[in-house]
Amino acid sequence: MKRLLLTLVVIALYVLHQDIWNWRRVYPMAFGFIPVGLWYHACFVVAAALVMWMLVTYAWPSHLEEEVEGRVPEKKEDAR
Amino acid sequence: MIPAIVVFIYLAVVVYIGIFAFRKATGKAKAEDYFLANRSLGPFVFLLSLFGTNMTAFAILGSSGHAFNNGIVTFGLMATSSALVIPLTIFLCGTRIWALGKKHGFMTPVQIFRDRWECGHIGTVIFFVQAALLVPYIIIGVMGGGTTLNVISGGLVPFWFGGAIVALVVMSYVFFGGMRGTAWVNTFQTILFLVFGAIAVTVIGAGMGGFKSAVDALLASPATAPLLTRERISPYYFFSYTFIPLSAIAFPHIAIFCLTARKMAQFKKTVIFYPICIMAIWLPCVFLGVMANRVQDVPAIRAKVEARRMLATQGKTLPPERRDELREQSAGDDTLLLLLQRFAPLWLAGLLGAGIMAAVMASDSQILALSTMFTEDIFAFYGGKRRFGESVQVQTGRIFVILLTLFAYVVALQAPESIFELAIQYAFSGYAALSPLIIAALFWRGSTKWGALAATVWTAFAVVAVAVFQATVPAPAPGVTTVCAVIGGVEALARTPGGTAVFGFMPVVPMVVGSALLMFIVSLVTRKPQATTIEKYFARST
């Protein structure tokens, strides 16, 4: 269920990227000089970062981590 | 000359970082250490260098140039589609590539393909297609370096000398520092560009008397008002562009970079902050590119605007050669540099030029990736490592770095830049069309080597076909398309002013769809790898 919801969120974000309703609009301008088409996509980037946070938090493939870290000890001398 | 001196100091710092990193690695002449930094990069370096690896001259200078001529649409086209698709593919595929590398010692994508699909020579075919698509990047990096130094120094540093300096610097730190040196240099360069990008916006904004008045002036003119909307680009084209970032995970230098993380947890910050880094760099570049249309007191910018106007008003009546000439004149790839020259004080222009140089020099990762691929996928696979040992393999990689850089430099001096700019466009579409390979290898039990071969051959064929088509049919005037094939009353194939349209979409759409379909259909009808091999990859299927 969680995966399905996250998949739907990603698809919704992809659909929202195609904002044809802003195609020929300039107004409203953010801060008086950023056209709405640019401002929308700046907000879209922030939304993308939030969705990435959700994916990392709720769908992290931790089994891969467990498999690997069970086999390969951490190389502390190379830690940077 | 002061800005050029600042850039030379910056280049010296870059070489120092590369050699410093090399010293850390002294005594470990192991392939994994040289090519993958011993799979030991921490979260900070991993995020910034992975991001820096993706920020090429084409991305930075090209984005402001595209925005100069097409407007704010550039941000949605190139940046926000990448902000969604690239971190998503790193999350889904990058983590799995990392895990496979840690578990089985893979160092290149072709090694994964060979093992996953039990194939040998098909992997070699994939190597050659990947290499052919990557070389133009390296050449354009050298060209970008030469151009940047030439413009920053006001013409005092000739193109051939600037290109040679950049080639030598990149070659030095890749040769001595390998992946560790490259990663640290990329980290330094990304920080530089992030900081100086913000300074550039402030300085140029203040110099223009504030952005509000500049935007109002753009809106007041019918010629420039459309730059603040997206009406110069069709929604089909806009949609098509969302396929381009699929290329990121198929690029060998990105896939190889995914193998360098010390722990998988390091992907977390990279995935979350990648979109923000994209915005921090692209938003200023795009916005300044659009605003440059108001800077009419710079002769070079005025000439570009004039060429664009002539192309729009008289393009239909001009011969194709004259149209190409005007297109070249109106290209805005040096817009950012021209704005810096106009508005920044000399010392600051040098620092900002160094920031731009940082982006231009992103070809280091591609050079190292090709060297890794050659030594692992060809030299080691065909018995070189077994016969001569790992030390010779690393030396072979270093010699390959020298030869490749020399080749790129010689070609950069001989060929016109526009050819390679086109080649890069094809490379993006080509790598996007190769993305079904990595996705199928990681997520689909039923995929086979024959499906992979079919998708690879299709990609090579499609890239060549588009290149030949665009070379054969001249680009029409703005606002016009040359229809070459109609199916059922629908325009199936057309030459547009900016490229090619297939059913209204960019070629990348049919290329990716065709590649995915071929992978699917051919895999369905061909023999699968052994059950033990499939279990190795899908023992705990996700």
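## As for the overall build of chain A
Okay, so step 1: The helix and strand tally for chain A stands at three helices and zero strands.
Okay, so step 2: Along the chain direction, N to C, the helices and strands of chain A fall in the order α-α-α.
Okay, so step 3: The 80 residues of chain A split such that 18% are buried.

## Considerations on the overall build of chain B
Okay, so step 1: Regarding its fold elements, chain B presents 24 helices and three strands.
Okay, so step 2: The C-alpha atoms of chain B give 23 Å as radius of gyration, which agrees with the globular expectation for 542 residues (24 Å, within 12%).
Okay, so step 3: When its C-alpha atoms are laid out on the principal axes, chain B stretches across 70 × 65 × 40 Å.
Okay, so step 4: Residues counted as buried form 58% of the 542 residues belonging to chain B.
Okay, so step 5: The long-range share in chain B, meaning contacts at least 24 apart out of those at least 6 apart in sequence, stands at 82%.

## Focus on the nonpolar core
Residues and elements named next belong to chain B.
Okay, so step 1: Val7, Ile72, Val170, Ile278, Trp282, Val286 and Ala432 are the most contacted members of the largest nonpolar core, which totals 195 residues.
Okay, so step 2: The biggest single contributor to this core is helix α8 (residues 159-207), with 19 residues.
Okay, so step 3: Sequence-distant contacts of Val170, defined by excluding residues within four places in its chain, comprise Met361, Ser363, Asp364, Ile367 and Thr405.

## What about the sheet that holds strand β3 (residues 499-502) of chain B?
All names here are of chain B.
Okay, so step 1: As summarised here, the arrangement of the three strands in space is β1-β2-β3, forming an open sheet in which the pairing is antiparallel. Each edge of the open sheet is held by one strand with a lone partner, namely β1 (482-487) and β3. Taken pair by pair, the neighbouring strands of this sheet meet at an average axis angle of 15 degrees, ignoring direction.
Okay, so step 2: Taken together, the four bridges between strand β2 (residues 490-496) and β3 define a ladder with antiparallel strand orientation. Within β3, the position partnered with Thr496 by the bridge is Gly499.

## Overview of the packing of helix α18 (residues 363-380) of chain B against helix α20 (residues 390-414) of chain B
Residues and elements named next belong to chain B.
Okay, so step 1: Interhelical geometry of α18 versus α20 gives an angle of 130 degrees and a closest axis separation of 9 Å. In terms of axis orientation, α18 runs oblique to α20. You can see that α18 and α20 cross each other, and the crossing is right-handed. Residue-level contacts link Ile367, Leu370, Ser371, Thr372, Phe374, Thr375, Phe379 and Ala380 of α18 to Gln393, Thr396, Gly397, Phe400, Val401, Leu404 and Thr405 of α20.
Okay, so step 2: Broken down by class, the residue content of the contact of α18 with α20 amounts to eight nonpolar, seven polar and no charged.

## Some thoughts on the interface of chain A and chain B
Okay, so step 1: Listed by partner, the interface residues are 37 residues for chain A and 44 residues for chain B.
Okay, so step 2: For the side of chain A that touches chain B, the element with the highest residue contribution is helix α2 (residues 36-58) of chain A, accounting for twelve residues.
Okay, so step 3: Here the side of chain A that touches chain B is built from residues that sort into 23 nonpolar, six polar and eight charged.

## Details of the environment of Met55(B)
Okay, so step 1: Within the fold, Met55(B) resides in the loop between α3 (43-54) and α4 (57-70).
Okay, so step 2: Taking the C-alpha atoms as reference points, Met55(B) and Phe193(B), separated by 138 residues in sequence, lie 10.0 Å from one another.

## Concerning the environment of Val473(B)
Residue and element names in this part refer to chain B.
Okay, so step 1: Within the secondary structure, Val473 sits in the loop between α22 (449-472) and β1.
Okay, so step 2: When the C-alpha atoms of Val473 and Leu219 are compared, they prove to be 35 Å apart, with 254 residues separating the residues in sequence.
Okay, so step 3: In this view, Val473 contacts Thr482, Cys484 and Arg495; residues no more than four positions away in its chain are not counted.

## Quick look at the packing of α3(B) against helix α13 (residues 266-291) of chain B
Residue and element names in this part refer to chain B.
Okay, so step 1: Here α3 crosses α13 at 40 degrees, and the two axes come no closer than 9 Å. Between α3 and α13, the crossing angle belongs to the class labelled oblique. Here α3 runs over α13; the crossing is right-handed. From α3, Pro43, Phe46, Leu47, Leu50 and Phe51 reach across to α13, where they touch Gln266, Lys269, Thr270, Phe273, Tyr274 and Cys277.
Okay, so step 2: Class assignment of the residues belonging to the contact of α3 with α13 gives a composition of eight nonpolar, two polar and one charged.

## Re helix α14 (residues 299-314) of chain B
Residues and elements named next belong to chain B.
Okay, so step 1: The first and last C-alpha atoms of α14 sit 22 Å apart over 16 residues, in line with the 22 Å expected at 1.5 Å per residue.
Okay, so step 2: Residues Ile301, Lys304, Val305, Arg308 and Leu311 constitute the buried set of α14. One side of α14 holds all its buried residues, which, seen down the axis, span an arc of 125 degrees. Opposite the buried face of α14, by more than 90 degrees, sit the exposed residues Pro299, Arg302, Ala303 and Thr313.

## Things to note about the pairing of β1(B)
All names here are of chain B.
Okay, so step 1: The element β1 is largely exposed, with a buried count of zero among its six residues.
Okay, so step 2: Where β1 and β2 come together, five bridges link them in antiparallel fashion. Counterpart to Ala485 in the pairing with β2 is Leu493.
Okay, so step 3: Hairpin connection, β1 to β2: the antiparallel pair is bridged by two residues, and Gly488 has positive phi, about 55 degrees.

## Considering the environment of Leu311(B)
All names here are of chain B.
Okay, so step 1: Here Leu311 is to be found in helix α14.
Okay, so step 2: Sequence-wise, Leu311 and Gln414 are 103 residues apart; in three dimensions their C-alpha atoms are separated by 28 Å.
Okay, so step 3: Apart from the residues lying within four places of it in its own chain, the contact partners of Leu311 are Arg323, Leu326, Arg327, Ser330, Ala477 and Pro478.

## Thoughts on the confidence of the model for chain A
Residue and element names in this part refer to chain A.
Okay, so step 1: The share of residues in chain A with pLDDT of 70 or more is 86%, and the mean pLDDT across the chain is 87.
Okay, so step 2: When mean pLDDT is compared element by element in chain A, α2 scores highest at 96, while helix α3 (residues 62-71) scores lowest at 80.
Okay, so step 3: Contacts from residues 73-80, a stretch scored under 50 in pLDDT, to residues over four places away or in other chains number 13 contacts.

## Side note on α18(B)
Okay, so step 1: Across its 18 residues, α18(B) extends 24 Å between first and last C-alpha, which sits within 8% of the 26 Å expected from 1.5 Å per residue.
Okay, so step 2: The buried count for α18(B) comes to 17 of 18 residues, which makes it a mostly enclosed element.

## Quick word on the confidence of the model for chain B
Residue and element names in this part refer to chain B.
Okay, so step 1: Overall, the predicted model of chain B reaches an average pLDDT of 87, with 95% of residues at or above 70.
Okay, so step 2: The spread of mean pLDDT over the elements of chain B runs between helix α17 (residues 346-360), the lowest at 73, and helix α23 (residues 508-524), the highest at 97.
Okay, so step 3: Across the interface, the model reports ipTM at 0.88; the global pTM reads 0.90.

What counts, and where the lines are drawn
- Residues numbered from 1 in each chain as written.
- Chains lettered and ligands numbered in written order.
- Predicted model: local features only at pLDDT ≥ 70, side-chain atom pairs only at ≥ 80, totals over all residues.
- Helix = DSSP H or I, 4+ residues; strand = E, 2+ residues; numbered from the N terminus.
- Buried ≥ 20, exposed ≤ 12 C-beta atoms within 10 Å, placed from the backbone.
- Rg over C-alpha atoms; globule rule 2.2 N^0.38 Å.
- Contact = placed C-beta atoms within 7 Å.
- Core = buried A, V, L, I, M, F, W, Y, C linked by C-beta atoms within 7 Å.
- Pairing = 2+ DSSP bridges.
- Axes fitted to C-alpha atoms, helices over the stretch in contact; angles between N-to-C directions.
- Parallel < 35°, antiparallel > 145°, perpendicular 65-115°, else oblique.
- Left-handed = near helix turned anticlockwise from the far one by under 90°.
- Nonpolar A, V, L, I, M, F, W, Y, C, P; charged D, E, K, R; others polar.
- Expected span 1.5 Å × (residues − 1).
- Arc of directions from axis to C-beta.
- pLDDT = per-residue confidence, 0-100.

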